[in-house]
Amino acid sequence: MAPPYPIAVANLNGQLLRRTDLKSFETPKLSIVETWSLLLARLKAATATIKQRFDERARIEKEISARTDDWCIDIFLQTHKRLEHLTSELEMQLAITQNLGQGQTRNPATSALSTFALAPWQMEERYRALIQLQSCLGSFFERASPAYDQSQTVWWFDPSYHQSDGLNYDRYGAPDVRDSEARLLRALGLGNEKLPLKLLLTSSGVAAFTVFQQFLMSKVLAAGDTIVISPYLYFECFEHLRLVSHVQVVNSSTFDAEDIIATAEKYNAKAVYLDPMANTIGLETTDIRRLAQLLSGREGWADRFLIIDGTLISGGMPLYDWFDQPSHPKILYYESAHKYIQMGMDIVMCGFVVYPEVFHETIGLIRQVTGTTLYSRQANVLPPIDYSIHQSRMHWLTTNAEKLYHFLDKTSSTIAEFHFPTHWRKMGWGHGGNVVTIRLLGDQMNKRPSLDMFTSLVLRAGEEEGVAMTKGGGLGFSVTRIWPSTPFIRNEDPYMRISVGVDPNEVEPVARAICKGLDRHYRASRSAMAQWRHRENGVSKENGVAKENGAVKENGVVKATSAYFDAGI
């Protein structure tokens, strides 16, 4: 459904300009309850739009004497009534929660209402239930290939399909989906209107990559051309590139902007693929703003393409403001939207691509013919976020993740290494994501059986601490999730990835649970304790080779032990 949702400012241009005026650490900070209240108000407006569509459909059915089934109509009306009632109920609960949060507890009557106050996880769960119920209502009478005209029957629900000039076929893009795409583009704050942009929703993050890959292969690259990639790309995207036989793929030796530029120029690459923050144990980063500064006025880059996967720092960079010079490469941006833009609700797999509008005719056609479209039934469960909502939620997540990182590093650095990109502000990012990684110290401690055992110990400690946690892949959820992540990198062990939750009251109990898990895991392994003692003495040995701070030392020369991909593929 797509009513004219209000946005944070009066117009599109003002919203995007405000984004560029903000310093990276001055993100808008709506409270959690304010956010869900705003989203609920938009859900309520969307429900009213659905009812308007129903009424218009009923009017046309009566006008043409169409056949109708009262049994089905009754189901729709009962569902609509139930949704309205539940929406009003949640609206009241959020209002009570907000009043209590503002300290209005002195009044005995107000204090008595505290039983109706909601925890952050309850706000999410209840909104999640309502938006799915609304999606059912909105698609109840809709068809995947709506009719244009009719005799005796109506084969559509949204009146915009009736006697339309477009092609009524869900794979080609529905009106509601197009409205969601336009709204999401504004919410990401990727740049101002100097360069018109388009956003298309796709069926997954890998589908988004596929759309861009097909565009490059058909319109940009020819046999014998070179692609340069940073030392790490998301493994499924990398598998795409491994299948390409007529194009050379070369990775830069480091994540530094200078090295990436030098590698691209050395091989005369037509396209460069980057993850601003890698999904690795070190969460290595590339300073994209620095890259844009270095390429300003530099010859030979205007015809190149820069493909950026912003999943781990969703909406954290005004990319199209940074790359706004004629000398800059053309920017193609994508994310796995299963993560942050769903407000942690984890309802559908999806992704999106963003690109200059000049490429829309080709890229739009590629999404259509490859079947990578996100269909309206899936798009309608995406929360109608705006820029303030998205940045506020990312602010909460980053604040919690940074707090957890510092807590763990302070209390347990002698038995584990912890990583979080604390330098995100220096790169001009709006936030630093919500991922903290852990590498256990000691021989065999980072093999999968060991990490599975450690995960179980952390979850059992979470039960003792009375804090919710889950085990599983993925990130950006509202509840802290722990996962022994396989890096899919040559000669690299698995590592622990913590996707930190949104409730600030849960950070310390989560930290205590992790510390308990670490302590108990090391106590259960005598060999690990021996490695710990070596570590405390400053030096450990593996297979007779001395190691210092995770690097191999041979003949006095320190060599990094991390190995990503071969220089040439």
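- Labelled according to an unreviewed UniProt entry, the protein appears under the name Aminotransferase class I/classII domain-containing protein, originating from Neonectria magnoliae.
- The UniProt entry for the protein carries the following comment under Sequence similarities (unreviewed entry): "Belongs to the trans-sulfuration enzymes family."
- In its Cofactor (unreviewed entry) section, UniProt records this for the protein: "pyridoxal 5'-phosphate".

With respect to the overall build of the protein
Link 1 in the chain: When helices and strands are counted, the protein shows 17 helices and 16 strands.
Link 2 in the chain: Each of the 569 residues in the protein was classed as buried or not, and the buried ones make up 54%.
Link 3 in the chain: Counting only contacts in the protein whose residues sit at least 6 apart along the sequence, the fraction spanning at least 24 positions is 72%.
Link 4 in the chain: Accessible area for the protein stands at about 24,700 Å²; split by element, carbon and sulfur atoms hold 50% of it.

Examining the confidence of the model for the protein
Link 1 in the chain: Here the protein shows a mean pLDDT of 86. Residues at 70 or above account for 84%.
Link 2 in the chain: In the model, residues 1–25 has pLDDT below 50 throughout and makes 62 contacts with residues more than four positions away in sequence or in other chains.
Link 3 in the chain: In this model, residues 540–569 is a region of pLDDT below 50 whose contacts with residues beyond four sequence positions or in other chains number 62 contacts.

Some points on the nonpolar core
Link 1 in the chain: Residues Leu319, Phe323, Phe352, Leu404 and Ile514 are the most contacted members of the largest nonpolar core, which totals 119 residues.
Link 2 in the chain: The element contributing the most residues to this core is helix 2 (residues 32–63), with nine residues.
Link 3 in the chain: Apart from the residues within four sequence positions on either side, Phe352 is in contact with Leu184, Leu188, Leu199, Leu200, Leu201, Thr202, Ala208, Tyr333, Tyr334, Glu335, Ala337 and Ile341.
Link 4 in the chain: Residues Ala208, Phe215, Val244 and Ile363 belong to the second largest nonpolar core, which totals 30 residues.

Considering empty space enclosed by the protein
Link 1 in the chain: The final tally for this structure, using the stated rule, is six cavities of 30 Å³ or more.
Link 2 in the chain: Size it by volume and the second largest cavity reaches roughly 110 Å³.
Link 3 in the chain: Around the second largest cavity, the lining is made up of 13 residues, and of these Glu142, Tyr161, Asp176, Ser376 and Asn380 lie nearest the centre.
Link 4 in the chain: A breakdown of the residues in the lining of the second largest cavity according to their chemical character gives two nonpolar, four polar and seven charged.

Parameters and conventions
- Residues numbered from 1 in each chain as written.
- Predicted model: local features only at pLDDT ≥ 70, side-chain atom pairs only at ≥ 80, totals over all residues.
- Heavy atoms only, no water.
- UniProt positions renumbered as here; feature names shortened; annotations may be inferred.
- Helix = DSSP H or I, 4+ residues; strand = E, 2+ residues; numbered from the N terminus.
- Buried < 20%, exposed > 50% of the residue type's maximum accessible area, 1.4 Å probe, protein only.
- Contact = heavy atoms within 4.5 Å.
- Areas by Shrake-Rupley, 256 points an atom, 1.4 Å probe, with all protein chains shown as cover.
- pLDDT = per-residue confidence, 0-100.
- Core = buried A, V, L, I, M, F, W, Y, C linked by side-chain atoms within 4.5 Å.
- 1 Å grid on protein atoms, 1.4 Å probe; cavity = no way out; pocket = protein on both sides within 12 Å on 5 of 7 lines; lining within 4 Å.
- Points joined across faces, edges and corners; volume = space filled by probe spheres on them.
- Nonpolar A, V, L, I, M, F, W, Y, C, P; charged D, E, K, R; others polar.

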